[in-house]
Amino acid sequence: MSRPRTTPGPVPSAPRNAPDTPRSAPRDTSAATPDAAPEVSPDAPREARGGRARDNAPWTAFGGDLHLDLTERRAAGAGLRAALEDALREAVQDGRLAPGTRLPSSRALGEDLGIARNTVVEAYGQLTAEGWLGSRPGSGTTVAERAAPRPAGRPATVRADRRPTGRHDLLAGRPDLSLFPRSAWLASARRALAVAPHDAFDYGSPLGRIELRQALSDYLARVRGVRTDPDRLLVCAGFGQGLGLLAAALRGRGAGRIAVEGYGLPPQREVLRAAGLGLAPLPLDCNGARTDLLDDLGGAGGTAERLGAVLLTPAHQFPSGAALAADRRAAAVRWAREREGYVIEDDYDGEFRYDRQPLGAMQALDPDRVVYGGTAAKSLAPGLRLAWLALPDELVEPVARLKALADTMSPVTDQLTFAELITSGRYDRHVRRCRLHYRRRRDLLVAALAERAPQVRVTGIAAGLHAVLQLPPGSRPEAELLERARAAGLVLTGLDWYRAGPDAERALNLPAAPDARPHAAPGTSPDTSPDEPDGPDGPDGPDDAPDAPPALVVGYATPSDHAFPAALDALCGILRES
């Protein structure tokens, strides 16, 4: 009978004092243990310093990396241990090593710096005694919690996010971030990464990944009536970037000015000015922007005053909430054709319509003269920085070239994930859930104001994620209302903040509509027909009066569910005292 074959392997060493080890066996002391190893010169070979050879292990394999430069201190005559202590102490003082940071083990740091482990142990011990470091058995050595003075010359901390903060966030223009579809996004990411070709992660087209452009082309045609194809779609990092690219391209084509709505987002106007374009505000009323006045703003080519485009929010004017009337849509397109200009359509919240039929994209009237801009900032989250432009043929090349100069291309993984989210149907289901959620929020706002602040008119709530609250004449000034809101922990804005400078009308004074009557029941149709004539306070009325009543812009979508009731209570309290 043959002996079974065995695979040779390492033979485990017997533990000290193992039962099968004879106690009388003499102990071999010819090889010193690491703990008994004498101090070795730093110039000795690494095998001698570490006690055993490590030729087959990378030098970074023994702990976290920590950059310490001992060269200058050694050149100045400091000893090895003193130089190490000074370097560690300085790293803690200047904040490079924050409190709680775990330091590499003494063996790892010794290996990385090429010094003996005992030297590191002694340096750690000295700094621990001084209070710079802390050490607990089993936890290693960490930077101690201590108040370190700010180094001289360090500038004050600057907040990257300029948003005001408070207990109750009612800023307009942001969704409820707790609704972000984490599970659907994760599932889409897994699927997208599993099937993505290898070249998807290489440098690609500045227009964006073809998977997303194809998905968007189909989705926008089905949901918004946009007429485009993947070759004319450009994916950008938010609509702000897309607007900046368009403005630069228009400036390069001879445009000197751009028409903007009399009320809109100040950051967008900053982007346009930064591109070198002057602004020409258009008056607003309950039918949207007065595009019939575009011809009066100038349009002669070849001069610095040439009006090259108009920026509109036709489906849901921001912030007034008005829908651009059909005749004014036609007037804007006619102007663009006759003057070889462009209409830039910002469809920032096109998915959210409640009490009226969705309005199709204005771009369908003339894809060669209307640039369509969409975003996932409201439907998903602004932090994704996902937006898109449907461009006319003659703008594709110049805008794509500017995009390539700006950042080469937008991040690939989010594009692939979003494309999968759309094509799988998960995006449609998410949008429907959000639409129902935000409509309920709007109804709660209208009902609370009808009961607790009946003097306030609520306008622009047939769509979108915000409302305009118009207070009656004789109310406190807008600035005073905002100050009282801040004192109550409310974060919101006044209507005047959105006004496009001194050339724009002072106030909207939109005629009363069913949605503006506090006693209207939630869920009733809140918008008048866009063909209704202007009321007595229309665009030629007292809109520019210096004593126009104040108005507040409230984002009812922003708070999470658990925070919304408290925010609503605080808002009603401020309005009752207005």
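Provided above is the structure to which this section pertains.
Residues numbered from 1 in each chain as written. Predicted model: local features only at pLDDT ≥ 70, side-chain atom pairs only at ≥ 80, totals over all residues. Heavy atoms only, no water.

## Observations concerning the packing of aromatic side chains
In step 1: All told, the structure shown has eight aromatic pairs when counted by the stated rule.
In step 2: Among the aromatic residues, those joined into a ring-pair cluster are Tyr219, Trp388, Phe418 and Tyr427.
In step 3: A cation over a ring is seen here: arginine 369 above tyrosine 342, with NZ or CZ 4.8 Å from the ring centre. (Phe/Tyr/Trp six-rings, centres within 6.5 Å; stacked < 30°, edge-to-face > 60°. Lys NZ or Arg CZ within 6 Å of the ring centre and 35° of its normal.)

## Topic: the sheet that holds strand E16 (residues 493-494)
In step 1: Reading across from one edge, E13-E14-E17-E16 is the order of the four strands in this open sheet, with antiparallel pairing throughout. Whereas interior strands pair on both sides, the edge strands pair on one side only; in this sheet they are strand E13 (457-459) and E16.
In step 2: Pairing of E13 with strand E14 (residues 467-470) involves three bridges; the strand directions are antiparallel. Residue pairing in the sheet places arginine 457 in a bridge with glutamine 470 of E14. (Pairing = 2+ DSSP bridges. Helix = DSSP H or I, 4+ residues; strand = E, 2+ residues; numbered from the N terminus.)

## What about the pattern of salt bridges?
In step 1: Taken as a whole and judged by the stated rule, the model has 32 salt bridges.
In step 2: In this structure, arginine 290 and aspartate 292 form a salt bridge, with 3.0 Å as the shortest nitrogen-oxygen distance.
In step 3: On the basis of relative accessible area, arginine 290 is assigned to the buried category, the value being 13%.
In step 4: Overall, the relative accessible area of 37% leaves aspartate 292 in the partly exposed class.
In step 5: Across the salt bridge formed by aspartate 355 and arginine 439, the nearest N and O atoms sit 3.2 Å from each other. Of this pair, aspartate 355 sits in the loop between strand E10 (342-346) and strand E11 (370-375) while arginine 439 sits in helix H13 (residues 426-452), and the two are 84 residues apart along the sequence.
In step 6: Connected via shared salt-bridge partners are Asp295, Arg334, Glu338 and Arg339. (Salt bridge = Lys/Arg side-chain N within 4 Å of Asp/Glu carboxyl O. Buried < 20%, exposed > 50% of the residue type's maximum accessible area, 1.4 Å probe, protein only.)

## A closer look at unusual backbone geometry
In step 1: In this structure, the amide linkage connecting phenylalanine 318 to the following residue, proline 319, adopts the cis form with an omega of 10°.
In step 2: Following the sequence through the fold, proline 319 ends up in the loop between strand E9 (307-312) and helix H10 (326-339).
In step 3: Despite not being glycine, glutamate 340 shows a phi value in the positive range, around 55°.
In step 4: Tracing the sequence through the fold places glutamate 340 in the loop between H10 and E10.
In step 5: According to the relative accessible area criterion, glutamate 340 is exposed, its value standing at 54%.
In step 6: Phi is positive for threonine 408, close to 70°, though the residue is something other than glycine.

## Here's the deal with the environment of glycine 125
In step 1: Inspection of the secondary structure puts glycine 125 in helix H5 (residues 117-130).
In step 2: Judged by relative accessible area, which is 40%, glycine 125 ranks as partly exposed.
In step 3: For the pair glycine 125 and glutamate 85, spaced 40 residues apart in sequence, the C-alpha to C-alpha distance is 9.8 Å.

## Brief notes about the packing of helix H3 (residues 80-93) against H5
In step 1: With their axes 9 Å apart at the nearest point, H3 and H5 run at an angle of 50° to one another. On the basis of their axis angle, the class for H3 and H5 is oblique. The element H3 and its partner H5 pack so that their crossing is right-handed. Here H3 contributes Leu80, Arg81, Leu84, Glu85, Leu88 and Arg89 to the contact with H5, which in turn contributes Thr119, Val120, Glu122, Ala123, Tyr124, Gln126, Leu127 and Glu130.
In step 2: Each residue belonging to the contact of H3 with H5 can be placed in one class, and the counts come to seven nonpolar, two polar and five charged. (Axes fitted to C-alpha atoms, helices over the stretch in contact; angles between N-to-C directions. Parallel < 35°, antiparallel > 145°, perpendicular 65-115°, else oblique. Left-handed = near helix turned anticlockwise from the far one by under 90°. Contact = heavy atoms within 4.5 Å. Nonpolar A, V, L, I, M, F, W, Y, C, P; charged D, E, K, R; others polar.)

## Considering the packing of helix H8 (residues 239-252) against helix H9 (residues 266-274)
In step 1: Where H8 contacts H9, the two axes come as close as 9 Å, and the packing angle between them is 30°. With respect to H9, the element H8 is oriented roughly parallel. Handedness of the crossing formed by H8 with H9: right-handed. Of the residues in H9, those touching H8 at Phe239, Gly240, Leu243, Gly244 and Ala247 are Gln268, Val271 and Leu272.
In step 2: Residue composition of the contact of H8 with H9, by class: five nonpolar, three polar and no charged.

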